[in-house]
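Notes for the structure review
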Amino acid sequence: MSALLELASVTKYFGGLCAVSDVSLAIKKNAIFGLIGPNGAGKTTVFNLITGVYKTDKGTIRLGATDLLPLRPSAIARAGIARTFQNIRLFGQLSVLENLLVAGELTKKAGIFSAVMRSRHHHADEDLHLAEARSLLEVFELGDKADDASTSLSYGNQRKLEIARAMMLKPKVLLLDEPAAGMNYGEAEGLKKQIRWLRDTFDLTVVLVEHNMQVVMGVCDEIQVLDHGEPIAYGTPEQIRTDEKVLAAYLGDESLAMGQGTDVPAVELPVKDPNAPEAHS
Amino acid sequence: MNGILAPLVTGIAQGSMIALIALGYSMVYGVLKLINFAHSEIFMMGSFFGLFALQHFAGLNPVLATALAMILAMFGTSLLGITVERFAYRPLRGRGKSSLLRITPLVTALGASVFLQNLAQLLFTARQRPYPRLFAQTRPLIFATAVVVMIALELVVKRTWFGKAMRALSTNEEAARLMGIRTSRVIGITFAIGSSLAALGAILYCLDQGDAYPTMGVGIGTRAFVAAVLGGIGSIPGAMLGGLLLGVLGELVKFSGFEGSVDIPVFIVLIAVLLVRPAGLLGSTRAEKV
Amino acid sequence: MDSAKQADESKKGHEKPRSAKDRFGGAIFVVGSLLVALVAEFLLPRLIEDSSVRNILMTICCNAVVALSLNVINGMAGQFSIGHAGFMALGAYTAALIVSAMHTSFGGGTLPPTSFDHDYLVAFGHSFAIVPVALLAGALVAALFGLLVGLPSLRLRGDYLAIVTLGFAEILRLSVATTRLGNDETVGEAVHAIGGPNGFFGPVFHVGSVFLSSLGGKKGYSGPDGAGVPLYAGPFWVIFITALVALVAWRLKFSGWGRALRALREDEIASEAVGVDPTRYKVTSFVISAFGGGLAGALYAIMRDGNPVVQPDSFTFQTSFDAITMVIIGGSGSVTGAILGAVFVTVTVKLIELVQHADVVQNLSSSLEAHGFSLDLNALRMMIYAGVIIALMVLRPEGVFGEREPFFKKRMRTREGAPA
């Protein structure tokens, strides 16, 4: 079975610093794929490269037969890759329902002219997306909060809303960036179930960046470990758990050895960009 | 050959003066990421302060009178700059990045500019006031002043505690504050320096070009801002380079017999440069952390 | 639990018949405003004999179009354009040129006074050919320039649009105001010189100069014969067009497109991640805004009881700043707020003009001027506006109404947003 999402020798420099070095991933359809590593390993950068937020310096990224590298982020979303963000990014002034409806915009047939004329197409689109959004909100148990401001939701619900919004795109691949951050043991257990359920129900492929080993080890089929931007290990959760390189990389981080979750939200060290303007040079 | 030399010399003089004003935009942008629209009006106020001072010192030796006028005008505009910052910008700081708030600093900056311009209109009337002709040749003075200021500023930014604090603030305000830098004070000093440079530029400009009037800031201010953007906003050598390019370009355009306003080609060059190098000639972009 | 199927079902179930208000609301609004506008066309001159009062009412309408169009880019898209006067100028000059030319081809002469006689009705009939063409042309020229200005600057960081639009408007105004060649060369003659002994580019530039020069410089354009631009747009056109613009602005705001714009304003990276292309949305909204600005300018140029001369001085930075004030005071993103802002600013401007010409003020002003001060009430007004705007930004950055629509129950949700 060939891979759905394929990264080949992907490399990214920030100035002189190599944030991601020669990373290759082959993620099979319907897999739940884990991307782990210590802080600053370049996991989120890999997500940003896949979604086009950063430009890849070397290598190729493909979704099925589509080359993603030349596409803008919005086009990559259209191609079927949806994501969530490490530090939740919702549309604060918009209601919960509207957050989802924005994501429906890209499958719209009716254009702006149609919106002004309030044509039949416009109504058909609006009705369709409204129905989809409402059923997704039900699925994520946010139905009764549809008209609330998205900023008024609790932290956990904001995470759920972000996933629901991503699902509104009907993606082929869902990239989850630390969905368990800040969750306690029980919530993390729930998250594991939800991820599997999402994969089965929506015929998804899930890529997971996560520090919570309880979640990663419990839900992933395959895991790739990064350290300092370089791939150091790849395999099933059992193989990774006993890999010496991985243990060395995580030295001092007991969570892996114990297979237990840590509910300290992981803060990625800011990668200093030497390109950034020096104050006044 | 001689024909093209004259516009070049004029252009360099003009350009170094534009650069002095451009520095104010650049410094404030570097620290606050804000287009300080009021800067052009501070320039205008500077020229009035200078004029009044020169009128007061009319009997003195021209060099001494000019020096005193410069000091007084620089002091006056510094106070003005700090006041603008205090009332129009500081209350907005630390409010986070909510959508509605993103353009608010631009709006208050524009408001401050309109406020000052109309205040001048009321206080000084709209008429043009001629500057005394103190020197036969002002161009060497302009050029020399600009170069000295540029070097001094570069040293301040690179070598002093204040410069270090300013650069830290520019990179990450929150981290700078956590490291014990008193950000409000650094920002205030930045405004003071930028504003006093505007006064310097204003007096040099008026000695060279003649009149002070309330709407003078609009044209020069816009050109200086374009220079700052062209050179790479936030960069001191960039402001100098942008100013010189603009000055020379303007004079060459006049020399070529172009019938329209000099601003048209200047503007076209700006858009062309931004298309190729969005951060300006010497600037650099920073990717947003996601 | 098969939610995909569930979604499918609710999709079908949702196609319920719409209420009459939903289905015909727009049509009723259009027909209604058409009737009101027609009645106004014939009654307004009778009810209000003072043409300067009529002028205020018509100016309010034009300014409402200004505010509504600026609101698209400044309010809804959250980009800061400060050169709206430039687009207004483009619309105004284009419309004035077209109306003058069409008026000549319809036989010329002075427009009849507003009475019910035959001549008046003929002119009113002609306006149905002339006004739509002139308005549309003005708006399209402005939209074209909007595209040219917006495409390079909107790809960059937000602040650049501000400076680029400011520069654009000023250059446009200065080009028209300062280009006076002082000979009687016509554009046609200049075009003939292209490719002649002076080569290509020189004469092409020259055509531009001759054209700009034909616009009358600082004194303004007052028709080909200098007798003034024929003012074809009576209350009917001004009111009807304003109503249409308000409807379009409303529908844009409460559409998926408006929602995507608001999302973009909230978080550009997140909206890209859900497939919203920032550049496309920003440029589209800027072009729409420019189109509206051109429309407003065109309306302003050919508005009855207005100024029959199109002058560069009508499109200074102050005009742009007034437009910004209208949008910000009302509340960025609010359609009703923009209209109310337009009313407020227009009325204060006109009031100040009145007061400034009063004898008492004139006397006071001249005695103050003897002391070296000036009592420029307009400058005072601008100062107060600027002060109010700064205070508003500090205390209540969302404006008086925020994004809300006062007088309308439907708040920020979509029409269908009420619980099903």
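Predicted model, so just to flag it, every value in this text is computed and none were measured.

Focus on the packing of helix α10 (residues 216-231) of chain B against helix α6 (residues 159-178) of chain C
A pair of packed helices can be characterised by two numbers: the angle between their axes and the separation between those axes. The contact between α10(B) and α6(C) brings their axes to 11 Å, and the two run at 140 degrees. Judged by the inter-axis angle, α10(B) sits oblique to α6(C). For the crossing formed where α10(B) meets α6(C), the hand is left-handed. On α6(C), the residues that touch T222(B), F225(B), V226(B) and V229(B) of α10(B) are I163(C), L166(C), G167(C) and E170(C).

Focus on the interface of chain C and chain B
Across the contact, 41 residues belong to chain C and 42 residues belong to chain B. Counting only elements with at least two residues in the side of chain C that touches chain B, the list comes to α6, α10 (256-266), α13 (317-330) and α16 (377-395) of chain C. If one sorts the elements of the side of chain C that touches chain B by residue count, α6(C) sits on top with 11 residues. The residue makeup of the side of chain C that touches chain B, split by class, is 25 nonpolar, 10 polar and 6 charged.

A look at the confidence of the model for chain C
Residue and element names in this part refer to chain C. Looking at chain C, pLDDT values average 84 and 90% of them are 70 or higher. Contacts from residues 1-16, a stretch scored under 50 in pLDDT, to residues over four places away or in other chains number 18 contacts. Scored below 50 in pLDDT, residues 411-420 makes 14 contacts in the model with residues more than four places away or belonging to other chains. Taken over the whole predicted complex, pTM reads 0.86, whereas the ipTM for its chain interfaces reads 0.85.

Description of the sheet that holds strand β6 (residues 81-83) of chain A
Residues and elements named next belong to chain A. Across the sheet, which stays open at both edges, the 6 strands sit in the order β6-β7-β8-β3-β9-β10 with mixed pairing between neighbours. The open sheet has two edge strands with one neighbour each: β6 and β10 (230-235). Neighbour to neighbour, the strand axes of the sheet diverge by 20 degrees on average, direction disregarded. As defined by bridge partners, strand β7 (residues 173-177) adjoins strand β8 (residues 205-209) across 5 bridges and the pair is classed as parallel. Within β8, the position partnered with L175 by the bridge is V207. Packed on one face of the sheet, helix α1 (residues 43-50) meets β3 (32-36), β6, β7, β8 and β9 (222-227) and runs near 145 degrees to β7.

Digging into the interface of chain C and chain A
The interface of chain C with chain A comprises 36 residues on the first partner and 42 residues on the second. The set of elements that each furnish at least two residues to the side of chain C that touches chain A consists of α1 (3-13), α9 (235-253), α10 and α11 (268-273) of chain C. Broken down by element, the residue count for the side of chain C that touches chain A peaks at 7 residues, all from α10(C). For the side of chain C that touches chain A, the residue count by class is 14 nonpolar, 11 polar and 11 charged.

Analysis parameters
Residues numbered from 1 in each chain as written. Chains lettered and ligands numbered in written order. Predicted model: local features only at pLDDT ≥ 70, side-chain atom pairs only at ≥ 80, totals over all residues. Axes fitted to C-alpha atoms, helices over the stretch in contact; angles between N-to-C directions. Helix = DSSP H or I, 4+ residues; strand = E, 2+ residues; numbered from the N terminus. Parallel < 35°, antiparallel > 145°, perpendicular 65-115°, else oblique. Left-handed = near helix turned anticlockwise from the far one by under 90°. Contact = placed C-beta atoms within 7 Å. Nonpolar A, V, L, I, M, F, W, Y, C, P; charged D, E, K, R; others polar. pLDDT = per-residue confidence, 0-100. Pairing = 2+ DSSP bridges.

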